[in-house]
Amino acid sequence: MGKFKIFIPCEEANHVCDKTQYKNATLLEKIILNMHLLYCRACREYTKNNTKLTKTIAKSNIEFLDKSDKEKLKDNFEKALKEQLH
């Protein structure tokens, strides 16, 4: 296991915040993030905005393309791009 550090830079704290948003952060990362948020106003604001964004997206009725539709769209785009370049 790597060196355990309690104090992390803001960039790392924001990364952990993003991981938390997608439920990919470990318990230890969350604890360290919360310790960082105790003394860093900028990261508290970042976390607050991230939380607001997550809740807004969760409440929305946005429909996403499934993987096969994305692949078709990508293939069509690449085909059209090749036609434009030639």
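The notes below deal with the structure included here. (Residues numbered from 1 in each chain as written. Predicted model: local features only at pLDDT ≥ 70, side-chain atom pairs only at ≥ 80, totals over all residues. Heavy atoms only, no water.)

1. Describing the overall build of the protein chain
In plain terms, the rule: Starting at the N terminus, helices and strands are each numbered in turn, a helix being any DSSP run of H or I of at least four residues and a strand any DSSP run of E of at least two. As defined in this context, the radius of gyration uses C-alpha atoms, and a globule is described by 2.2 Å times the residue total to the power 0.38. A simple rule labels every residue: compare its accessible area, found with a 1.4 Å probe on the protein chains alone, to the largest value its type can have, and call it buried under 20%, exposed over 50%, or partly exposed in between. Contacts are assigned to residue pairs that have any heavy atoms within 4.5 Å of one another. Note on areas: Shrake-Rupley, 1.4 Å probe, and residue coverage restricted to the protein chains presented here.
What the protein chain contains, in helices and strands, is four helices and zero strands. Sequence-ordered secondary structure for the protein chain, helices as α and strands as β, is α-α-α-α. Against the globule reference of 12 Å for 86 residues, the protein chain gives a C-alpha radius of gyration of 20 Å, more extended than a compact globule. Expressed as lengths along the three principal axes of its C-alpha atoms, the size of the protein chain is roughly 55 × 35 × 25 Å. Going through the 86 residues of the protein chain one by one, you find that 16% of them count as buried. Within the protein chain, residue pairs in contact and separated by at least 24 positions form 58% of the contacts whose partners lie at least 6 positions apart. Counting every atom, the protein chain has about 7,600 Å² of accessible surface; 60% of that belongs to carbon and sulfur.

2. Re the packing of helix H1 (residues 10–21) against helix H3 (residues 41–59)
Basically, it comes down to this: Orientation is described by axes fitted as lines to C-alpha atoms, over the contacting stretch for helices, and by angles from 0 to 180 degrees between their N-to-C directions. Just so you know how the angles are binned, under 35 degrees is roughly parallel, over 145 roughly antiparallel, 65 to 115 roughly perpendicular, and the rest oblique. Less than a right angle of anticlockwise turn of the near helix away from the far helix marks a crossing as left-handed, whereas a clockwise turn marks it as right-handed. Residues are grouped as follows: nonpolar covers Ala, Val, Leu, Ile, Met, Phe, Trp, Tyr, Cys and Pro; charged covers Asp, Glu, Lys and Arg; every other residue, Gly included, is treated as polar.
Running from amino to carboxyl end, H1 crosses H3 at an angle of 20°, the nearest separation of the two axes being 10 Å. Comparing their axes, H3 and H1 come out roughly parallel. Note on packing geometry: the crossing formed by H1 with H3 is right-handed. Touching Cys10, Ala13, Asn14, Cys17, Asp18 and Gln21 of H1 are Cys43, Tyr46, Thr47, Asn50, Leu53 and Thr54, all from H3. For the contact of H1 with H3, the residue count by class is six nonpolar, five polar and one charged.

3. Focus: the pattern of salt bridges
Convention followed: For this analysis, a salt bridge means a side-chain nitrogen from Lys or Arg found within 4 Å of a carboxyl oxygen belonging to Asp or Glu.
Enumeration according to the criterion identifies two salt bridges in this entry. Its salt-bridge partner being glutamate 29, residue lysine 19 comes within 2.7 Å of it at the nearest N-O pair. With a gap of 10 residues between them, lysine 19 in helix H1 and glutamate 29 in helix H2 (residues 27–39) connect regions that are remote in the sequence.

4. Section: the environment of glutamate 29
For glutamate 29, a relative accessible area of 21% corresponds to the partly exposed category. Distance from glutamate 29 to arginine 41, taken between C-alpha atoms, is 18 Å for residues 12 residues apart in sequence. With near-sequence residues (within four places) excluded, glutamate 29 lies in contact with Val16, Lys19 and Asn24.

5. Concerning the environment of glutamate 45
Secondary-structure assignment places glutamate 45 in helix H3. For the pair formed by glutamate 45 and lysine 72, sequence separation is 27 residues and the distance between their alpha carbons is 39 Å.

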